[in-house]
Amino acid sequence: MEQELLQHNPQEPRQISGWLTFFLWVGVGLGAIVSCIRTLVEVSEFGFTLFSTIVYAGYLGSLLTVAILTIIAFYKRKPNAVALANVYILMHFVDAILTLVVAVMIDDESFIKDFARSIIWAITWFTYLQCSKQVKEVIPQENRTWKPTEIVLLMVFVVSMISYVVGLNMLQSNPFNTSLVSKDYLIKSTIEAMNEDLPKDMNGLLFYSVTNENHIITYNYKFPYNEISDIDMDFIKEYSVVYRQQLLQEFAQETDDELVNFYHLIFDNGYDLCHSFQDKNQTSLYNCIFTAEEYYKAETAGENFRCDPKVFETLVETKNNKLPVDYMGDATLRNIMLDINNNQVFYYVILPEMGGLEYLITDDYLNTYIKENWNSISDNIIALATIDKLDLYFIFNTNKGIRHASIHLPYSEYSTFED
């Protein structure tokens, strides 16, 4: 009699307990919630775009729906309960396979652990559902069916996951695809990648960081051995004018697609670009700030980019205000003239008193002297002339004002001289 009381009454529904309870509430219910939270945290870092919203809505929506329907189906003894559970397990299996594909695509071995964990989880619980006596009693084999609901949900999940992998592949080929990840994330990740390669020595100037503050992307440089008191600020002010034009020329002729895409990204989204120069204590010396308008104007010019004529003229005027100065050894630089229309710059040089021996200073001698001493002769005016590909003329007069020699250096020649 006692044994009969302890036996299960086949007329009564079998209670869900033990491993089946664990599977439904931990493996399915809690597992789905954890998957959603992890996914949302990861996606929030990349930012939401229309594409990512659709993909993750399909992925998370189908996963959560199947999880909820599975729990309800088992407790209500619905004939498609096992089918729903199998769909949920199959979703994890598909997720594992695509995780492996992603690991290969981005060459990241850390994904292998996730792949192995998901595969083991899927195989373990699939085997349990097929072999469990309790499952067979709760949902008898002969009563089990598949409904269109689980098929549709599985297809939504698979399509979402495949779309994710396709999108990731597109992102690999074009890292600046703003339809896949947010613009803010692209800017942030690009800056982080740049900083990984810094600091970098640039001929005595240290490029040490890239920052993003107040919608200004700043490239930070410093003179590592100089304090502001050691630096000729007049020279710095003059050099900043030249540096600005040189950067605009770089913008105009840039061939690095990734860098061009980054410039487009920041300028199209209301950012400015700043090159900031500091002394060794990071005291500001000068800043070159570029707006979207300036960038696109230079880019449109391309190989035909030329310096702003007013900038060129102002620099020549500033230089002339400091003349005469010693030049080329014992000679004197008396004046500089600019003829932008005819693509020419003239340097007027007065030779020293030579007691009638000026004839020894031949054109060949002057040509050789200029080439061999180009590093000391080349100045900020010549730097701008190089950008505009202007011809240079060095006009040599005696100290009595008599024309002695004229040295013509076309751009094609002096551009090959070593600084």
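Everything below is about the structure shown above.
Everything numeric in this text was worked out from a predicted model, so none of it was measured.

1. Looking at the overall build of the protein
A count of helices and strands for the protein gives 16 helices and 10 strands. For a compact globule of 419 residues, the expected C-alpha radius of gyration is about 22 Å, and the protein comes in at 37 Å, more than 25% above that figure. Principal-axis analysis of the C-alpha atoms places the extent of the protein at approximately 140 × 40 × 35 Å. Buried residues in the protein amount to 42% of all 419 residues. For the protein, long-range pairs separated by at least 24 residues make up 65% of all intrachain contacts whose partners lie at least 6 apart in sequence. Working note: accessible area of the protein is about 23600 Å², and carbon and sulfur atoms make up 55% of it. On the protein, the mean spot of the 28 positive side-chain charges and the mean spot of the 53 negative ones are 11 Å from each other.

2. Side note on the sheet that holds strand β1 (residues 200-202)
If you trace the 5 strands from one edge of the open sheet to the other, you get β1-β2-β3-β4-β5, paired in mixed fashion. Looking at strand neighbours, the two that pair on one side only are β1 and β5 (284-290), the edges of this open sheet. Within this sheet the neighbouring strands show an average axis-to-axis angle of 30 degrees, counted without direction. Sheet topology places strand β4 (residues 272-278) next to β5; 6 bridges connect them, and they run antiparallel. Bridging across to β5, Leu 273 finds its partner in Phe 290. Packing against the sheet, helix α8 (residues 183-196) makes contact with β2 (205-213) and β3 (216-222), and its axis sits at approximately 160 degrees to β2.

3. As for the nonpolar core
If you look at the biggest cluster of nonpolar residues, it comprises 73 residues, and the most contacted ones within it are Ile 217, Tyr 219, Phe 312, Trp 374, Phe 394 and Phe 396. Counting residues per element, this core draws most heavily on helix α9 (residues 233-253), at 7 residues. The contacts of Phe 312, once residues within four sequence positions are left out, are Cys 307, Leu 338, Ile 340, Val 345, Ile 381, Leu 384, Ala 385, Asp 388 and Leu 390. Of all hydrophobic cores here, the second largest spans 41 residues; its members include Tyr 56, Val 87, Met 91 and Val 138.

4. Considering the sheet that holds strand β8 (residues 344-350)
Here we have 5 strands laid out as an open sheet, ordered β6-β7-β8-β9-β10, and mixed in their pairing. In this open sheet, the two strands that pair with only one neighbour each are β6 (325-327) and β10 (403-409). On average, adjacent strands in this sheet sit at an angle of 35 degrees to one another, irrespective of strand direction. The strands touched by helix α12 (residues 309-320) are β7 (331-339) and β8; relative to β7, the strand with the most contacts, the crossing angle is about 160 degrees. Helix-sheet contacts for helix α13 (residues 363-372) involve β9 (391-397) and β10, and the interaxial angle to β10 is about 45 degrees.

5. Description of the pattern of salt bridges
Taken as a whole and assessed by the stated rule, the structure comprises 4 salt bridges. A salt bridge links Arg 117 to Asp 114; its shortest N-O distance comes to 2.3 Å. Within this pair, Arg 117 and its partner Asp 114 are both found in helix α5 (residues 111-131), separated by 3 residues, close to a single helical turn. Put simply, Glu 238, Lys 319 and Lys 322 are held in one network by salt bridges that share partners.

6. Considerations on the environment of Ile 370
As for its placement among the helices and strands, Ile 370 is situated in helix α13. Separated by 47 residues in the primary sequence, Ile 370 and Phe 417 place their C-alpha atoms 9.7 Å from one another. Aside from chain neighbours lying at most four places away, what touches Ile 370 is Met 328, Ile 377, Phe 394, Phe 396, Ile 407 and Leu 409.

7. Concerning the packing of aromatic side chains
Applying the stated criterion across every chain, the model contains 30 aromatic pairs. Taking the centre distance of 5.6 Å and the plane angle of 15 degrees together, the rings of Phe 207 and Tyr 219 count as stacked. With Phe 207 in strand β2 and Tyr 219 in strand β3, this pair connects stretches of sequence that are 12 residues apart. Taking relative accessible area as the criterion, Phe 207 reaches 11% and is therefore assigned buried. Its relative accessible area of 6% is what places Tyr 219 among the buried residues. With centroids separated by 5.2 Å and ring planes inclined at 25 degrees, the aromatic side chains of Tyr 347 and Phe 394 adopt a geometry described as stacked. Here Tyr 347, found in strand β8, pairs with Phe 394, found in strand β9; they are 47 residues apart in sequence, far enough to count as distant.

8. Some thoughts on the side chain of Gln 344
Summarising the element assignment, Gln 344 is placed in strand β8. Classification of Gln 344 as buried rests on a relative accessible area of 18%. The contacts of Gln 344, once residues within four sequence positions are left out, are Met 337, Leu 338, Asp 339, Leu 390, Asp 391 and Tyr 393.

Procedures and definitions
Residues numbered from 1 in each chain as written. Predicted model: local features only at pLDDT ≥ 70, side-chain atom pairs only at ≥ 80, totals over all residues. Heavy atoms only, no water. Helix = DSSP H or I, 4+ residues; strand = E, 2+ residues; numbered from the N terminus. Rg over C-alpha atoms; globule rule 2.2 N^0.38 Å. Buried < 20%, exposed > 50% of the residue type's maximum accessible area, 1.4 Å probe, protein only. Contact = heavy atoms within 4.5 Å. Areas by Shrake-Rupley, 256 points an atom, 1.4 Å probe, with all protein chains shown as cover. Lys, Arg positive; Asp, Glu negative; His and termini not counted. Charge placed at Lys NZ, Arg CZ, Asp CG, Glu CD. Pairing = 2+ DSSP bridges. Axes fitted to C-alpha atoms, helices over the stretch in contact; angles between N-to-C directions. Core = buried A, V, L, I, M, F, W, Y, C linked by side-chain atoms within 4.5 Å. Salt bridge = Lys/Arg side-chain N within 4 Å of Asp/Glu carboxyl O. Phe/Tyr/Trp six-rings, centres within 6.5 Å; stacked < 30°, edge-to-face > 60°.

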